[in-house]
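Below are the chains, spelled out letter by letter.
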Amino acid sequence: KIELIVHQIPYEAVPEGLPAMRKKFQAGVDALKNRVDYFWEISDPLYTLDSFTPILLDSQIPVIHGHTKKAVEQGAVMSVIYDTLSAAQEIVAMADKIFNGTDIGSLPIMVPKNFNLFLNLKTTEKLGIAVPSQLLIIAGKNIIR
């Protein structure tokens with residue numbers, strides 16, 4: 001049984017509001033520490049900043065999914081991120097259609113076709129998680145040791 005506990009903090013103007021958001025984020029992590037077994041970072045602009053993942057990691061609660069490759073390098077177990085090169089190519093193709101007269105409303109919703117799996121083997125070993133060989137193959141060069 002998995003129960004997801006969501007904790008949200010209000011956004012403030014950036015960069016002036018970052019210290020206040022960091023403080024609220026830290027308070028949220030402290031409030032959740034005794035209620036959760038793992039943290040899961042979501043796709044959120046705050047997680048693109050290097051200073052938020054360490055707050056989770058410092059809590060001593062494992063971060064199962066980091067939002068960025070950097071989060072995995074810092075100690076999160078894994079991250080699944082769309083491949084920016086293939087996403088950029090899809091955007092260019094869509095822009096080309098628009099510039100050549102295709103009605104924007106007729107374009108299909110685009111879903112990234114390629115993703116990258118990043119795995120931190122040092123963290124999985126520390127947590128005693130056995131990583132299936134298939135995941136190692138999928139991660140390929142994106143394995144952090």
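Caption draft 1: Layout of the pairing of strand β3 (residues 78-82). Burial along β3 is one-sided: the face carrying S79 and I81 is buried and the face carrying M78, V80 and Y82 is not. Pairing geometry for β3 and strand β4 (residues 115-120), over 5 bridges, is antiparallel. Within β4, the residue paired with Y82 across the bridge is F115.

Caption draft 2: Expanded view of a nonpolar patch on the surface. A surface patch of nonpolar side chains, about 300 Å² in accessible area, is lined by V80, Y82 and F115. Counting through the fold element by element, F115 comes out in strand β4. With a relative accessible area of 48%, F115 lands in the partly exposed category.

Caption draft 3: Highlighting the confidence of the model for the protein. Looking at the protein, the pLDDT average stands at 89 and 99% of residues meet or exceed 70. No element of the protein has a lower mean pLDDT than helix α4 (residues 84-99), at 88, and none a higher one than helix α5 (residues 121-127), at 96.

Caption draft 4: Structural detail: helix α1 (residues 18-32). With 15 residues, α1 should cover 21 Å at 1.5 Å per step; its first-to-last C-alpha distance of 21 Å lies within 8% of that length. Buried residues of α1: L18, M21, F25, G28, V29 and L32, and no others. Around the axis of α1, the buried residues are gathered within 100° of arc, so they sit on the same side. Facing away from the buried side of α1 by over 90 degrees, the exposed positions are K23 and A31. Against the buried residues of α1 lie β1 (39-40) and α2 (53-58).

Caption draft 5: Spotlight on the pattern of salt bridges. This structure, assessed with the given rule, holds 3 salt bridges. Its salt-bridge partner being D30, residue K33 comes within 3.9 Å of it at the nearest N-O pair. Judged by relative accessible area, K33 falls into the partly exposed class, the value being 33%. K69 is paired through a salt bridge with E73; the nearest N and O atoms lie 3.9 Å apart. A residue pair is termed a helical-turn pair when its members lie 3 or 4 positions apart in one helix, as K69 and E73 do in helix α3 (residues 69-74) at 4 residues.

Parameters and conventions
- Residues numbered from 1 in each chain as written.
- Predicted model: local features only at pLDDT ≥ 70, side-chain atom pairs only at ≥ 80, totals over all residues.
- Heavy atoms only, no water.
- Buried < 20%, exposed > 50% of the residue type's maximum accessible area, 1.4 Å probe, protein only.
- Helix = DSSP H or I, 4+ residues; strand = E, 2+ residues; numbered from the N terminus.
- Pairing = 2+ DSSP bridges.
- Patch = residues over 30% accessible without salt bridge, like charges linked within 9 Å, V, L, I, M, F, W, Y side chains within 5 Å.
- Areas by Shrake-Rupley, 256 points an atom, 1.4 Å probe, with all protein chains shown as cover.
- Salt bridge = Lys/Arg side-chain N within 4 Å of Asp/Glu carboxyl O.
- pLDDT = per-residue confidence, 0-100.
- Expected span 1.5 Å × (residues − 1).
- Arc of directions from axis to C-beta.
- Contact = heavy atoms within 4.5 Å.

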